[in-house]
Amino acid sequence: MDEINKKLIEGKQRLVELGKNKPKAAFTQNRLPPGQHEVKNWPVLDLGIQPDIPKDKWSLNVEGLVEKPVSLTWPDFIALPQVEKVNDFHCVTAWSRFDNHWKGVEFKALCALVKPTPEATHVLFTGYDDYTTNLPLDFCLDNALIVHEWEGQPLEREHGGPVRVVVSKVYAWKGAKWVKDVIFLPADHPGFWEVRGYSITADPWTEDRFS
Ligand SMILES: Nc1nc2c(c(=O)[nH]1)N[C@H]1C(S)=C(S)[C@@H](COP(=O)(O)O)O[C@H]1N2
Ligand SMILES: [Mo]
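Just so it is clear, the model here is predicted, and its values are computed rather than measured.

Rules used throughout
- Residues numbered from 1 in each chain as written.
- Chains lettered and ligands numbered in written order.
- Predicted model: local features only at pLDDT ≥ 70, side-chain atom pairs only at ≥ 80, totals over all residues.
- Heavy atoms only, no water.
- Phe/Tyr/Trp six-rings, centres within 6.5 Å; stacked < 30°, edge-to-face > 60°.
- Buried < 20%, exposed > 50% of the residue type's maximum accessible area, 1.4 Å probe, protein only.
- Lys NZ or Arg CZ within 6 Å of the ring centre and 35° of its normal.
- Helix = DSSP H or I, 4+ residues; strand = E, 2+ residues; numbered from the N terminus.
- Pairing = 2+ DSSP bridges.
- Axes fitted to C-alpha atoms, helices over the stretch in contact; angles between N-to-C directions.
- Contact = heavy atoms within 4.5 Å.
- Near = heavy atom within 4 Å.
- Polar contact = N/O pair within 3.5 Å; in protein donor to acceptor, adjacent residues only side chain to side chain.
- Areas by Shrake-Rupley, 256 points an atom, 1.4 Å probe, with all protein chains shown as cover.
- Nonpolar A, V, L, I, M, F, W, Y, C, P; charged D, E, K, R; others polar.
- 1 Å grid on protein atoms, 1.4 Å probe; cavity = no way out; pocket = protein on both sides within 12 Å on 5 of 7 lines; lining within 4 Å.
- Points joined across faces, edges and corners; volume = space filled by probe spheres on them.

Describing the packing of aromatic side chains
And then number 1: One pass over the full model with this rule turns up 16 aromatic pairs.
And then number 2: Ring geometry for tyrosine 171 versus tryptophan 173: centroids 5.8 Å apart, planes at 10 degrees, classification stacked.
And then number 3: On the basis of relative accessibility, which here comes to 0%, the residue tyrosine 171 falls in the buried class.
And then number 4: Here tryptophan 173 falls in the buried class, since its relative accessible area comes to 6%.
And then number 5: Against the face of tyrosine 198 rests lysine 12, its NZ or CZ located 5.8 Å from the ring centre.

Looking at the pairing of strand β8 (residues 144-150)
And then number 1: Counted residue by residue, β8 has six buried out of seven residues, so it is predominantly covered.
And then number 2: As paired elements, β8 and strand β10 (residues 164-167) share four bridges and run antiparallel to each other. The residue of β10 that forms the bridge with isoleucine 146 is valine 165.
And then number 3: Sheet analysis places β8 next to strand β9 (residues 153-154), joined by two bridges and oriented antiparallel. Paired with glutamate 149 across the strands is proline 154, a residue of β9.
And then number 4: Remark: two residues form the turn of the hairpin made by β8 and β9, two consecutive strands paired antiparallel; glutamate 151 in that turn has positive phi of roughly 50 degrees.

Some details on the sheet that holds strand β3 (residues 70-73)
And then number 1: Strand order in the open sheet made by the five strands is β3-β2-β11-β6-β7, with mixed pairing throughout. Because the sheet does not close on itself, it has two edges, and the strands there are β3 and β7 (132-136). Neighbouring strand axes in the sheet, compared pairwise and without regard to direction, differ in orientation by 15 degrees on average.
And then number 2: Note: strand β6 (residues 122-127) against strand β11 (residues 179-185), six bridges, orientation antiparallel. Bridging from a neighbouring strand, histidine 122 pairs with leucine 185 of β11.
And then number 3: Across the sheet, helix α3 (residues 107-114) lies against β2 (59-64), β3, β6 and β11, angled at about 65 degrees from β11, the strand it touches most.

A short note on the site of ligand 1
And then number 1: Surveying the vicinity of ligand 1 reveals 21 residues, the closest of which are Pro43, Asp129, His159, Arg164 and Lys177.
And then number 2: The separation between an oxygen atom of ligand 1 and a polar main-chain atom of leucine 45 is 2.8 Å.
And then number 3: Relative to its unbound accessible area of 530 Å², ligand 1 is 99% covered by the protein chains.
And then number 4: For the shell around ligand 1, the residue count by class is 14 nonpolar, two polar and five charged.

Digging into empty space enclosed by the protein
Over the atoms, a rolled probe matching the size of one water molecule traces out where space is still vacant.
And then number 1: Taken as a whole and judged by the stated rule, the model has one cavity of 30 Å³ or more.
And then number 2: Lining the largest cavity are Asp88, Phe89, His90, Arg164, Val165, Val166, Val167, Ser168, Val170, Tyr171, Ala172 and Gly175.
And then number 3: Taken together, the elements giving at least two residues each to the lining of the largest cavity come down to β4 (83-90) and β10.
And then number 4: At four residues, the largest contribution of residues to the lining of the largest cavity is made by β10.

Some remarks on the side chain of threonine 126
And then number 1: Looking at where threonine 126 falls in the secondary structure, it is placed in strand β6.
And then number 2: A distance of 2.6 Å separates a polar atom in the side chain of threonine 126 from a polar atom in the side chain of aspartate 181.
And then number 3: Excluding anything up to four places from it in sequence, threonine 126 contacts Tyr131, Thr132, Ala176, Trp178, Val179, Lys180, Asp181 and Ile183.

Right under this line is the structure:
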């Protein structure tokens, strides 16, 4: 990862220092979490690399504590049950974007395919840019979507296309763009931002930004 944008990462790590002791907003109105503002555009955040993965070279590896590990090609992935969902996107850098229309595969459909073993409690997602992020398995079953369309169009490369993860109930860094691996683990394993001071749980409703 020598290509990653060091300045960007340092900047975001400084936010941890500044934000740790800041009082949290006391109150929020309905759908905007505390400390967030609404944007109508869709900002792009990455580590300074936007991997270019053509669909015919793309695969999604689902492995770790599962009965049937798989490496899904594009046709395999598209053949899985597809759902359409609408939800809000909350970035820890304080912007939220409402009513995003997604199409893709529910995490629970992926689980039905690979069958996690009883020992699996957490999931680590990796990206083609070597990004990683971690979540509890139960949370993923409830909220994670693996999407390839946004607003009726193929997901753009800058937003993680061909395929990314979307998790509307936590801050957006928990959703890996350019998703490459889904790894089922027996314990939690902090990801890229989590080892740099960002929260393990990342609940926007309690401004759970930093650990
Ligand atoms: N692979 C990968 N996924 C990633 C990131 C990244 O740098 N690499 N950034 C995360 C962060 S910090 C945010 S806020 C969202 C941004 O998604 P967007 O660029 O589509 O708005 O993607 C998350 N997923
Ligand atoms: Mo972010």
